[in-house]
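Descriptive structure summary
Here is how the chains run, residue by residue.
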Amino acid sequence: MIPIFILHTWLLGLLSLGIVGAAGWLAHEWQQRSWHWDDGLQRSFFHPNLGWNEPTALLVAAVLLALVALFGGSMVRAGLWLLKRKDDKPADDPRIAPVPVKTQTVEAPDGSQLYVALHGPEDGTPLILTHGWGLHSAEWNLTVRALASRYRLIVWDEPGLGSSTRPPQRDYTVENLAHCLSAVLPLAGEKPAFLAGHSIGGMITLTFCRLYPEALRSRVAGLILTHTTPTNPVRTTKGTAFYTAIEKPVLVPLMYLTIALSPLVWLLNWLSYRNGTAHLSTKHGSFAGTEKWSQIEFATQFQPKASPAVLARGMLGMMQYDARAVLPAIQVPTLVVAGDKDSTTKKEASEEMRSTIPGARLVTLKPARHLGLIEHHGEYAKAVSAFVESVLTTARPSPAGALRQ
């Protein structure tokens, strides 16, 4: 989730509120027309005239809209299940969570408590997986299930998301999130780790490279940058000219409004989930057509669970992010993964990273949007594994214990 999605959040929320409001107005109109005046008794009485008439049409419309508001999501999910049920196997279902070998809490430099889950053999090559904004570590379920038998996978929840606590100072800048990543890195042990990040996870990884350049010479074996960008994502999304023009006059004020009205926006997000508009938005915005029903449901469930205030503060932090200056200085092997149809962080952003980071490699998932790592989880896992193995094969231990090509 990047800053432009604040518009989607409000539009879907207001649409959901409009459905509820329309149902209430129609019910009120029907109720008003069902009261009649008795001249003899000199009083009004309630007597609905049910049949093929306008008042009954108002009642039927009110009931239908109420059903859509409360149970539309069930109908949409049923329709998507019918369309997408073919070949939807357990192996493709990200809702099936792998059981970690160990879970623990790490205190970040800002005082927040970070939830961390460890999978795979303790002596395996460590991979630290950093999720996208608005999601949490479960985003990596399919990747963990594919790679945990070979590698030591360390997945963590960013502050304010999943099971991690919020920063006491409400600091959601990408720099602070990179400091949080630095607190997780020691869990990799003595072996240099591969840092994999999706969306803001990639931004956090690149910011980590800027803030901790010495770690690239001793603690980091390689980078895996997935569906991400080297600069403010407003500049690398579809329709960037329009979104850049409205960034300060519209997007930024909407962030602060979301923070102030967080409980209301949270309720609107739940209404969107209940009426199915969130599912349709996720399907068309995050997937490219080959996704499974279980993957749509999995990705949509994140939206109503995250705090809108946390999401808005993180989006404000992204608007100040720029890691382009550090790209030429990255001297560890880097894999960039793009989606050919990703409109959230366009492929051009991945191509810029590939051409600027020395020796970087680019893998493009097809067809794929912003959740290509889930839609094409098998291909993604193979690309990550092949990259890691190629680095390990060509690496040699230096006297200081670092990796060098």
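Details of the structure are given in the entry above.
All values reported here derive from a predicted model rather than from experimental measurement.

**A closer look at the sheet that holds strand β6 (residues 151–156)**
Across the sheet, eight strands lie side by side as β3-β4-β6-β5-β7-β8-β9-β10; this open sheet has mixed pairing. Both outer strands of the open sheet, β3 (102–107) and β10 (361–365), are each paired with one neighbouring strand and no more. Taking each pair of neighbouring strands and ignoring which way they run, the sheet shows an average axis angle of 20°. Bridge analysis of strand β5 (residues 125–130) against strand β7 (residues 193–198) gives four bridges, and the strand direction is parallel. In the sheet register, T130 faces β7, and the bridge partner there is G197. In the packing of helix α4 (residues 174–184) onto the sheet, contacts are made with β3, β4 (113–119), β5, β6 and β7, and the angle to β6 comes to roughly 140°. Here helix α11 (residues 347–356) sits on the sheet and contacts β8 (220–226), β9 (334–339) and β10; the angle it forms with β9, its principal contact strand, is near 165°.

**Quick word on the pairing of β5**
Within β5, six of the six residues are buried, which leaves it mostly tucked inside the rest of the structure. Every second residue of β5 is oriented toward a common face, with T125, L127 and L129 on one face and P126, I128 and T130 on the other, all of them buried. Across six bridges, β5 lies against β6 in parallel orientation. Among the inter-strand pairings, L129 is bridged to a residue of β6, identified as V155.

**So, the nonpolar core**
Formed by 67 residues in total, the largest nonpolar core has its most connected members in I128, W133 and F208. Once residues lying within four places of it in the same chain are set aside, the contact partners of I128 are I154, W156, L181, V184, L185, A193, F194, L195 and A196. Membership of the second largest hydrophobic core comes to 35 residues, among which are A117, A196, F287 and V337.

**Focus: the pairing of β4**
Taking burial as the measure, the seven residues of β4 include five buried ones, the bulk of the element. For β3 and β4, the ladder comprises six bridges, and the chain directions are antiparallel. Among the inter-strand pairings, Q104 is bridged to a residue of β4, identified as V116. Once β3 ends, the chain turns through five residues before running back antiparallel as β4, passing G111 with a positive phi of about 100°.

Scoring rules and cut-offs
Residues numbered from 1 in each chain as written. Predicted model: local features only at pLDDT ≥ 70, side-chain atom pairs only at ≥ 80, totals over all residues. Heavy atoms only, no water. Pairing = 2+ DSSP bridges. Helix = DSSP H or I, 4+ residues; strand = E, 2+ residues; numbered from the N terminus. Axes fitted to C-alpha atoms, helices over the stretch in contact; angles between N-to-C directions. Contact = heavy atoms within 4.5 Å. Buried < 20%, exposed > 50% of the residue type's maximum accessible area, 1.4 Å probe, protein only. Core = buried A, V, L, I, M, F, W, Y, C linked by side-chain atoms within 4.5 Å.

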